[in-house]
Structure formats: C-alpha cells, structure tokens
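If you want the building blocks of each chain, they are given just below.
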Amino acid sequence: MTAPNEAPGRTPGAGATAPVLQAEGLSWSVGGATIVQDVSFEVGEGEFLAFIGPNGAGKTSLFNLVSGLVPASAGTVRLDGSDITAEPAHARARRGLGRTFQTSSLWPEMTVADHVRLAAQAASGGSYRIWRRAAGYQRELEHVLERTGLSHRADAPADGLSHGEKRKLELAVLLVGEPRVMLLDEPMAGVSAEEVPVLAELIRSLHRDEGRTVLMVEHHMDILLSLADRLAVMHHGTLLTVDTPRAVMADATVQQAYLGEEL
C-alpha cells in the first residue's frame, strides 16, 4: 500500500537510511502457547515506528524480545547489522538499544538528580571514570534535566512527581545512556490528559530535532498519528502490516482485526 505524506513537508520515514534495527522471524512460546509468531520488520536510522494492536496482541512481548529481556524461541535481532540475538539486555543497552516500560521502576525516595547520576554511572561502565568525574557528570546531568524539563525538580524525590514527570524522568534516565534506538512501551500510560501533549512534544523533539530512532507502543492513536512515520499492526502475536499511518487506517483488515469499525 502507498499513501501521500502524512503532514505538509513530511515524508514518511524521512531521515531513514540503512536499517539500524532488524528483526527476522522472531517467535516466543511459553508452555506450549505461542505469544509472538514469526515477526519480521526493520527500522531505518532516524525513523519513528509505532506498534499498535489490542491488549494481548504481543506488542510488549515483542519489545521484550528485541530488548533481550526474554530469549527468543526462534528468529534473529540485528543492530547495525550485528547479530545480538544471544546477547542479554544489559549488553544490548551498552550497544545503544534503550528501553522504557509500561510500569515505572523508579526508587520512590531517590531524587530526580540522583536517578540520572546513577544512570550516568551505569552507562560509563559502573564506575566514575576520572575524566568524567564531578564537573563532567554535573554538566551531563544539567543537560539531560533541562532537555526533559525537569531542572526545577532536580531535588524532588520520585514519589513526589506527577505521572507525567515520572515518565519524563524515565526518559532522562534513558537519554543519559545516549541510546541510538529508543523502545518506548506505553509512555503515556497513567499520564493525565493535561500532561500528555507535553510528553508527546518531548518525544517528538527527541525524534525530529535530534534524529533519534524510536519504536513506540501506545494506545493514544491521535498521538501516534502525529508522531509516527509508520505504524506496525499486531494481532494475536503476529504482524498484520507495516505502512504509513494513513494507509494503515484505511486498511479493511486492520479495521476488522483491531479497530472494529471504520475510522
């Protein structure tokens, strides 16, 4: 299927070149039940690919396979052409494959700044290298907090943040590791209606202004239609189609399997 540009002056997949991330024939079975079945896709450098589908379609499970959280029953994952299928999650993160989760995993009593400092330390190999000590880490911290709009909350404990601010902090923790590919699993989950546009604009800026490659699972269709270059539709653990947002929304198979009605 083909479709005209989704927005004035914008070409779907703009900025995408050679594939930076490739999945081929990915499958995952547990106790005889197939959760993800023979899923293949590729993402170009600087592209925004969003995954949609009903609850239980296998979207988060697919992200778990790509990020190395669970081992694939079959198939391969390649980053920059290198086969990383057998590598654990932390090794993939070191290569530049970053991931956020549906449920926040922040330390309630730890401050915003300390979360980012700890992430910076982990990204540097677990120890404060001499050339990045003190001033270097402080500059990095200030930049990431400013980039995510959290400078004024640097000394606040995580449990004092709104849901939207917690999502920003999760992005800050991710960004300090300088990921080449960002996997965002329902970043708007639990976020108030007032904070959703702000968070969406931050993600848009990371993609368009910084050229970051983004894969995102999200149920806010209006947000996805304004952000994504392509949509990937999952249903019962399989990948139905990958195409431009306009083409996907006009697909009768997608409407029947996922949306249930014409859009």
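The structure this text deals with has already been given above.
The rules behind these values
Residues numbered from 1 in each chain as written. Predicted model: local features only at pLDDT ≥ 70, side-chain atom pairs only at ≥ 80, totals over all residues. Heavy atoms only, no water. Axes fitted to C-alpha atoms, helices over the stretch in contact; angles between N-to-C directions. Helix = DSSP H or I, 4+ residues; strand = E, 2+ residues; numbered from the N terminus. Parallel < 35°, antiparallel > 145°, perpendicular 65-115°, else oblique. Left-handed = near helix turned anticlockwise from the far one by under 90°. Contact = heavy atoms within 4.5 Å. Nonpolar A, V, L, I, M, F, W, Y, C, P; charged D, E, K, R; others polar. Phe/Tyr/Trp six-rings, centres within 6.5 Å; stacked < 30°, edge-to-face > 60°. Buried < 20%, exposed > 50% of the residue type's maximum accessible area, 1.4 Å probe, protein only. Pairing = 2+ DSSP bridges.

**Some words on the packing of helix α5 (residues 163-175) against helix α6 (residues 196-208)**
- Running from N to C, α5 and α6 cross one another at 20°; their axes reach a closest spacing of 10 Å. As the angle between them shows, α5 and α6 are arranged roughly parallel. The chirality of how α5 crosses α6 is left-handed. Counted together, R167, K168, L171 and L175 of α5 and V198, L199, L202, I203 and L206 of α6 form the full contact between these two elements.
- A per-class count over the contact of α5 with α6 returns seven nonpolar, no polar and two charged.

**Some remarks on the packing of aromatic side chains**
- All told, the structure shown has two aromatic pairs when counted by the stated rule.
- Seen in terms of ring centroids, F41 and F51 are 5.3 Å apart; in terms of plane orientation they differ by 70°. Their pairing is edge-to-face. You can see F41 sitting in strand β2 (residues 33-44) and its partner F51 sitting in strand β3 (residues 48-52), a full 10 residues away along the chain. Each of the two residues, F41 as well as F51, counts as buried.

**As for the pairing of strand β1 (residues 19-30)**
- Bridging between β1 and β2 involves eight bridges; their strand directions are antiparallel. Note that in β2 the partner of A23 across the bridge is F41.
- Adjacent in sequence and paired antiparallel, β1 and β2 are bridged by two residues, among which G31 carries a positive phi angle near 55°.
- Relative to strand β4 (residues 74-79), β1 is paired through five bridges, and the arrangement is antiparallel. Counterpart to Q22 in the pairing with β4 is R78.

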